[in-house]
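# Fold and contact review
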Protein chains: 2
Amino acid sequence: MKKTVLIVYAQPEPTSLTRHLVNVGVEALEGQGHKVLLSNLYGMNWKATFDEHDFQSRLDPSRLGFIAESEHAYGNGLQTADVEAEQEKISAADAVILQFPLWWFGMPAILKGWVDRVFAYGLAYGFKGAGNKYRYGDGALKGKRAMLSVMVGGPEKDYSPRGINGPLEQLLFPITHGTLFFPGMGVLPTHAVYGTGSITAEGVTAAEEGWRLRLEGLFEDALIPFRSQNGGDYPDAHVLASHVAVGQSGLLAHIAGRQLAPRSAETALQPIDIGA
Amino acid sequence: MKKTVLIVYAQPEPTSLTRHLVNVGVEALEGQGHKVLLSNLYGMNWKATFDEHDFQSRLDPSRLGFIAESEHAYGNGLQTADVEAEQEKISAADAVILQFPLWWFGMPAILKGWVDRVFAYGLAYGFKGAGNKYRYGDGALKGKRAMLSVMVGGPEKDYSPRGINGPLEQLLFPITHGTLFFPGMGVLPTHAVYGTGSITAEGVTAAEEGWRLRLEGLFEDALIPFRSQNGGDYPDAHVLASHVAVGQSGLLAHIAGRQLAPRSAETALQPIDIGA
């Protein structure tokens, strides 16, 4: 069935690997019969900074409160046109892909600013004006899929389970879990290309093939099994129930299925591989 | 002894808690005899997006490669004046404090853009043009201290060891470890104020007192014991030696001292409290 896919990307150089894979992805997805929407943040000269100019008609002109003004602007059709256009693309999309080079273990500022500005109160948080009632698996974006496609300058071993940078999927948890799953999207394991600082022609070809293959599973592959807030694992909507993820804490406790491994001091410490 | 402290902050509203604590900090630090430098990112209208305008005289005018152009600009005095001014402040500082509201479990885009643009090749990475030889505890910023001061809208329990958002210090690892420790700074445990979305007058007073107290230890308190790349724990400069952090993997394996706890299935799974 024909789907709509939004690709939001943050790389100004047309010959970069990021841009190359954006093009590969468009071709692959359209080849599958899907419709592709694009947000070329650099090309759009996207305004990165979330500030008073985002609120054209203020609830409180005397004091800038971002949450209150975001709720007011989103709820009353008072947002800026650029933000509204992005929200409409997300609404139209069955899947959202964020494609970017990893800068300081996170998104380039222009992409972080896309999140800061577009993920409004009422849409991405505070759904139905109900505070945190609908979040983590529930919310306005429920039913959509999301995936990060990241170009990583360094070698894969630096991001391996005991690599010096930390495992990539754990470094990206604030984005996958805290930003994409938070408003309800199902999140696929991150797709990473490593060693892009010195990639060869063969490496580029392999990256193209890897990305095409990955996109074939965009609507079929298993999601990261993040635990839903309202699925029973968090009875008070804040903390894991005592019978869930017994003996575990930290980021990985919020991923289901880790209990299935035989528990011992050694194996319990190994995070499951939630990477690509 | 008189020290110099740089506070970089990202909140445009003068009556916000962030700005209030910036003022409290300036007063407290100056009261201790220190000199304070300020970077008011919103007030400076800081350019958040790292782009071609950062490179006024290009190494390669035909293709924008950020790392190569950053090295070229930093090494040849070709950076923009705003970036140079920030680097001079960092050089002059004995401690750097980043003070901001937590947005989507990370820095506001304007602050991420301060990192993206100011942390140049040759300064914050690629020190001495030696690739990754000097990083994680080694580098141009070695000897300086750094701390995050974060205003968190949600309740502390959501960030507790089994809280639904994940522990705050793990969510901030890409910043504390990957951004501040990477170029050599010693990083203090994060200072967080929770529940700022609905803070009372008493809460503000408590936050003031907490921040003043915390700043008394700025140059004395123990740092997060991140493992140094060149200190012996990473013989190949990429992966932990097999005798280090035995049986551990993931972000917390890069913090020393966790081995001291008696090891059992339960205790080994508990991250040490590296929070405030």
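Since this is a predicted model, take the numbers as computed values, not measurements.

Time to look at the packing of helix α3 (residues 81-92) of chain A against helix α4 (residues 109-118) of chain A. Residues and elements named next belong to chain A. Relative to each other, α3 and α4 sit at 90°, their axes nearing to 10 Å. In this view, α3 runs roughly perpendicular relative to α4, as classed from their interaxial angle. Contacts from Asp82, Val83, Glu86, Gln87 and Ile90 of α3 reach α4 at Trp114, Arg117 and Val118. Here the residues of the contact of α3 with α4 are counted per class, giving four nonpolar, one polar and three charged.

Let us now look at the interface of chain A and chain B. Taken together, the 73 residues of chain A in the interface contact 74 residues of chain B. Overall, the association of chain A and chain B removes approximately 5,900 Å² of surface from exposure, summing both partners, and the carbon and sulfur fraction of that is 58%. Counting the contacts that link chain A with chain B gives two salt bridges. Ionic pairing is found between Asp158 of chain B and Arg135 of chain A, a salt bridge with its closest N-O pair at 2.9 Å. At the junction of chain A and chain B, the tally comes to 36 residue pairs in polar contact (both at pLDDT 80 or more). For the side of chain A that touches chain B, the secondary structure elements donating two or more residues are α4, α5 (168-171), α6 (173-181) and α8 (265-269) of chain A. Element by element, the count of residues in the side of chain A that touches chain B is highest for α4 of chain A, at six residues. The residue inventory of the side of chain A that touches chain B, partitioned by class, reads 39 nonpolar, 23 polar and eleven charged.

Another aspect to go through is the domain arrangement of chain A. All names here are of chain A. Under the domain assignment, chain A is made up of domain 1 (4-224 + 263-268) and domain 2 (225-258). Each side of the interface is counted separately: domain 1 has 17 residues, and domain 2 has 15 residues. Taken together, the two surfaces of domain 1 and domain 2 that pack against each other cover about 1,200 Å², and 56% of this comes from carbon and sulfur. Seen at the junction of domain 1 and domain 2, the total is zero salt bridges.

A few words now on the relation of the copies chain A and chain B. With an RMSD of 0.0 Å, the fit of chain A onto chain B corresponds to turning through 180° and sliding 0.0 Å along the axis. As the rotation angle and translation indicate, the two copies are arranged about a two-fold axis. By residue overlap, the copies meet face to face through one surface: 100% of the interface positions of chain A are interface positions in chain B.

Each value, and the rule that gives it
- Residues numbered from 1 in each chain as written.
- Chains lettered and ligands numbered in written order.
- Predicted model: local features only at pLDDT ≥ 70, side-chain atom pairs only at ≥ 80, totals over all residues.
- Heavy atoms only, no water.
- Axes fitted to C-alpha atoms, helices over the stretch in contact; angles between N-to-C directions.
- Helix = DSSP H or I, 4+ residues; strand = E, 2+ residues; numbered from the N terminus.
- Parallel < 35°, antiparallel > 145°, perpendicular 65-115°, else oblique.
- Contact = heavy atoms within 4.5 Å.
- Nonpolar A, V, L, I, M, F, W, Y, C, P; charged D, E, K, R; others polar.
- Buried area = accessible area lost by both parts, 1.4 Å probe.
- Salt bridge = Lys/Arg side-chain N within 4 Å of Asp/Glu carboxyl O.
- Polar contact = N/O pair within 3.5 Å; in protein donor to acceptor, adjacent residues only side chain to side chain.
- Domains from an automatic or database assignment.
- Least-squares fit on C-alpha atoms with pLDDT ≥ 70 in both.

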